[in-house]
Amino acid sequence: MFDDKRKETLDEKNKEIRKKWDKLHFDSQQGRAGEDPYPTAVGSLRTPLYATKSYAYSSLTELLKNHYNYSRTENPTLYALDQKLATLHGGEAAVSVASGMAAVHLACSSILQQRVERIRPKKIRALLPQSNPETVPNVIIHNNQYTGVYRLLTKIYSQFGVMTKIVDMRNLIELSDAIDENTKLVFVETPSNPNLDVLDIQGCADLIHEVDGKCIVDNTFASPALQKPLNLGADLVVESLTKFVNGHGDTLGGVIIGQKNELQNIRYFWLETQGAVMHPFSAWLILRGCRTLSLRMDRHCSNAMKTAEFLEAHPKVAKVIYPGLKSHPNHALAKKQMKGFGGMIGFELETIEKCYKFIDLLKLIKVGVSLGDTTSLIEYTSVMTGIDLASWEKRRMNMSDTHFRFSLGLEDPDDIIKDLDQALDQI
Ligand SMILES: Cc1ncc(COP(=O)(O)O)c(C=O)c1O
């Protein structure tokens, strides 16, 4: 599939440097890993932006000796980002790609490719004796999950013969009942989008490993500053870098982190063939975002905690969901598994009418999809992220029609609370 020897040279060359980064604390790693030392000729303090498609050499002999060939698979700016993210997560390797969804797709493809004997189109399967539903490979997701991932699995992978089971993964007995010998993958998103359910990563990973399946964790809401799933038994971590990791809302990106062999398959087979490449300028921006990740996460978390406490005490708010509140059903697990409770809050008002009225009264807080920005962003979940789901699917994925998903920015918490207060006053 690919020439292991040539492809390994960069990581091999980098091994000694990586050991140095591994010894640093997280706050130092986020600035230095991948970038210091960086092999530049002119000693540039910042990692250069390599805006190039090809790497040209004076002879074929030179080309064959060199690692860089074409930017669909390798680029030096992306390499710095991959090294930084692998270090921050404590993984052997990382591959940065165009978006969080690209990361999810490539990670799932690689895991399923190696574990599904042959994926055939549905019509052909129907003609074959082995189309017995009991032998169809399956993936398990939680019953509250980012809608994009739910759609990818239930509407696209299903066409290629992969079945998706939806269970309440907060209940490990329910998960273990759903796992069978054809379960290839348990996809864990924690905290979950939008309901902020906290799932037991170690518990889920242990169960799927019993049937030799794999566990992918979507760590987007936490970022490596708050949660490191590879230390809790996950096989692969995926993240939308678009969110907290970049943190400045100016580009999209995704990453997959894990063991070298799986990541090599993802880079040199899946990414090279499928082509969801991150632009080097995005990598350059995300490198900059990473350097302040833990500082920003501290502020996102404290803003979220203060705001959640304010909302919980407000008589017009029907329900508040924040893993940092004692009232959150998985508060103890969040405390054990995470370093902080994150920058996302969920809350509900009493009626749909009040929801529509409230959101239009906000002044400082911006109405918009996505999250993890310096700017506070709120969405009315069922009509924004949930727009593509039928009402039965919203019920199946526990999406309430009076729910707001609120991404706390880095503004002064008093200004955020004042804005919420004046809007709640008027409904
Ligand atoms: C938990 C989660 N995973 C993945 C994604 C997809 O990320 P992207 O928008 O970068 O494709 C999102 C986007 O909102 C998300 O919330």
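Residues numbered from 1 in each chain as written. Predicted model: local features only at pLDDT ≥ 70, side-chain atom pairs only at ≥ 80, totals over all residues. Heavy atoms only, no water.

### Some words on the nonpolar core
Okay, so step 1: Counting 47 residues, the largest nonpolar core has I345, F347, F358 and L420 as the members making the most contacts within it.
Okay, so step 2: Within the residue set of this core, elements represented by two or more residues are helix 12 (293–313), strand 8 (317–321), helix 13 (331–337), strand 9 (344–349), helix 14 (352–361), strand 11 (377–380), strand 12 (403–407) and helix 16 (413–425).
Okay, so step 3: At seven residues, helix 12 tops the list of elements feeding residues into this core.
Okay, so step 4: In contact with L420, other than residues within four places in its own chain, are T307, F310, L311, F347, F358, L362, I365 and F406.
Okay, so step 5: Within the second largest apolar cluster, 32 residues are counted, among which are V95, A103, V162 and L236. (Core = buried A, V, L, I, M, F, W, Y, C linked by side-chain atoms within 4.5 Å. Buried < 20%, exposed > 50% of the residue type's maximum accessible area, 1.4 Å probe, protein only. Helix = DSSP H or I, 4+ residues; strand = E, 2+ residues; numbered from the N terminus. Contact = heavy atoms within 4.5 Å.)

### Looking at the domain arrangement of the protein
Okay, so step 1: Entries for the protein in the domain assignment read domain 1 (4–290) and domain 2 (293–425).
Okay, so step 2: The C-alpha-based centres of domain 1 and domain 2 are spaced at 27 Å.
Okay, so step 3: The junction of domain 1 with domain 2 conceals about 3,500 Å² of combined surface from both sides, 60% of it contributed by carbon and sulfur atoms.
Okay, so step 4: The tally of links between domain 1 and domain 2 comes to two salt bridges.
Okay, so step 5: E393 is the partner of K155 in a salt bridge, and the nearest nitrogen-oxygen pair spans 2.6 Å.
Okay, so step 6: On inspection of domain 1 and its partner domain 2, the count reaches 22 residue pairs in polar contact (both at pLDDT 80 or more).
Okay, so step 7: Among the secondary structure elements, those contributing two or more residues to the side of domain 1 that touches domain 2 are helix 2 (26–32), strand 2 (138–142), helix 7 (147–156) and helix 11 (280–290).
Okay, so step 8: Residue contributions to the side of domain 1 that touches domain 2 peak at four residues, all from helix 7. (Domains from an automatic or database assignment. Buried area = accessible area lost by both parts, 1.4 Å probe. Salt bridge = Lys/Arg side-chain N within 4 Å of Asp/Glu carboxyl O. Polar contact = N/O pair within 3.5 Å; in protein donor to acceptor, adjacent residues only side chain to side chain.)

### Some thoughts on the state of the cysteines
Okay, so step 1: The full count for this structure, using the stated rule, is zero disulfides.
Okay, so step 2: Lacking any disulfide linkage, C290 is separated from the closest cysteine sulfur, that of C301, by 17 Å. (Disulfide = S-S within 2.5 Å.)

### Quick look at the sheet that holds strand 1 (residues 93–97)
Okay, so step 1: Spatial ordering of the open sheet is given by 1-7-6-5-4-2-3, a layout of seven strands whose pairing is mixed. Sheet topology places strand 1 and strand 3 (163–167) at the edges, where each strand pairs with a single neighbour. When the angles between neighbouring strand axes are averaged without regard to direction, this sheet yields 20 degrees.
Okay, so step 2: Helix-sheet contacts for helix 4 (residues 76–89) involve strand 1, strand 6 (236–240) and strand 7 (254–258), and the interaxial angle to strand 1 is about 130 degrees. (Pairing = 2+ DSSP bridges. Axes fitted to C-alpha atoms, helices over the stretch in contact; angles between N-to-C directions.)

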